[in-house]
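# Structural features, examined
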Amino acid sequence: MADVLDDGEIADRLPDGWELDGDEIARIYEFDDYLAGVAFASEVGEISEEQFHHPEIRIRYEEVEVRFTSHEAGGVTEQDLDMAARCDELR
Ligand SMILES: C[C@H](O)[C@H](O)[C@H]1CNC2=NC(N)=NC(=O)C2=N1
């Protein structure tokens, strides 16, 4: 099982635009219209299934919030940081 990172390690390595919120990392992506956000959420779902590491995704009008944590490990791990970078690459 992956090791949980401490707040300092996370702060040092969190990609721009992401924030640490408790035992999760989160980012809100903005879009010009609702369906662009829906399409992005679907792409996030696809890479999450590929990596078998799944976020909470909240789709709102013109924005999508993505939140990662490693449930089994009980906090933020390398996998979460990796998935954050992968989500950013979709933009
Ligand atoms: C049984 C467990 O849910 C699976 O091993 C995977 C599925 N996707 C997952 N996603 C996330 N974010 N954390 C997990 O610990 C996790 N575990």
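These lines cover the structure that appears in this document, whether it is placed above or below. Please read these numbers as outputs of a predicted model, since none were measured by experiment.

Per the secondary structure count, the protein includes three helices and four strands. Ordered by position from the N terminus, the helices and strands of the protein form the series α-β-β-α-β-β-α. Rg of the C-alpha trace for the protein: 13 Å, near the compact-globule value of 12 Å for 91 residues, within the 12% margin. Referenced to the eigenvectors of the C-alpha coordinate spread, the extents of the protein come out at roughly 35 × 25 × 20 Å. Considering the protein as a whole, with its 91 residues, one finds that 20% of them fall into the buried category. Partitioning the intrachain contacts of the protein with sequence separation of at least 6 by distance along the chain shows that 61% fall at a separation of at least 24.

Once that is clear, we can look at the sheet that holds strand 4 (residues 63-68). Strands sit in the order 1-2-4-3 across an open sheet of four strands; the sheet is antiparallel. Strand pairing shows two members of the sheet lacking a second neighbour, strand 1 (19-21) and strand 3 (56-60), which therefore form its edges. Geometrically, the sheet is characterised by an average inter-axis angle of 25 degrees between neighbouring strands, direction not taken into account. Docked against the sheet, helix 3 (residues 78-89) engages strand 2 (24-30) and strand 4, running at close to 160 degrees with respect to strand 4.

The next point concerns helix 2 (residues 34-51). For helix 2, built from 18 residues, the straight-helix expectation of 26 Å at 1.5 Å per residue is met to within 8% by its first-to-last C-alpha distance of 26 Å. By the burial criterion, the buried members of helix 2 are G37, F40 and V44. Seen end-on, helix 2 carries its buried residues on one side only, within an arc spanning 60 degrees. Opposite the packed face of helix 2, turned more than 90 degrees from it, sit the exposed residues L35, V38, S42, E46, E49 and E50. Tucked inside the fold, the buried residues of helix 2 contact strand 2, strand 3, strand 4 and helix 3. In the stretch just after helix 2, F52 is the one whose phi turns positive, near 50 degrees.

All right, on to unusual backbone geometry then. Of note in the backbone geometry, F52 takes a positive phi value of approximately 50 degrees without being a glycine. Among the secondary structure elements, F52 is positioned in the loop between helix 2 and strand 3. In this structure F52 comes out as exposed when scored by C-beta crowding, with 7 C-beta atoms within 10 Å. With a phi angle near 65 degrees, E62 is a residue other than glycine that sits in the positive phi range. Relative to the helices and strands, E62 is located in the loop between strand 3 and strand 4. Here E62 falls in the exposed class, since 12 other C-beta atoms lie within 10 Å of it.

About the cut-offs
Residues numbered from 1 in each chain as written. Predicted model: local features only at pLDDT ≥ 70, side-chain atom pairs only at ≥ 80, totals over all residues. Helix = DSSP H or I, 4+ residues; strand = E, 2+ residues; numbered from the N terminus. Rg over C-alpha atoms; globule rule 2.2 N^0.38 Å. Buried ≥ 20, exposed ≤ 12 C-beta atoms within 10 Å, placed from the backbone. Contact = placed C-beta atoms within 7 Å. Pairing = 2+ DSSP bridges. Axes fitted to C-alpha atoms, helices over the stretch in contact; angles between N-to-C directions. Expected span 1.5 Å × (residues − 1). Arc of directions from axis to C-beta.

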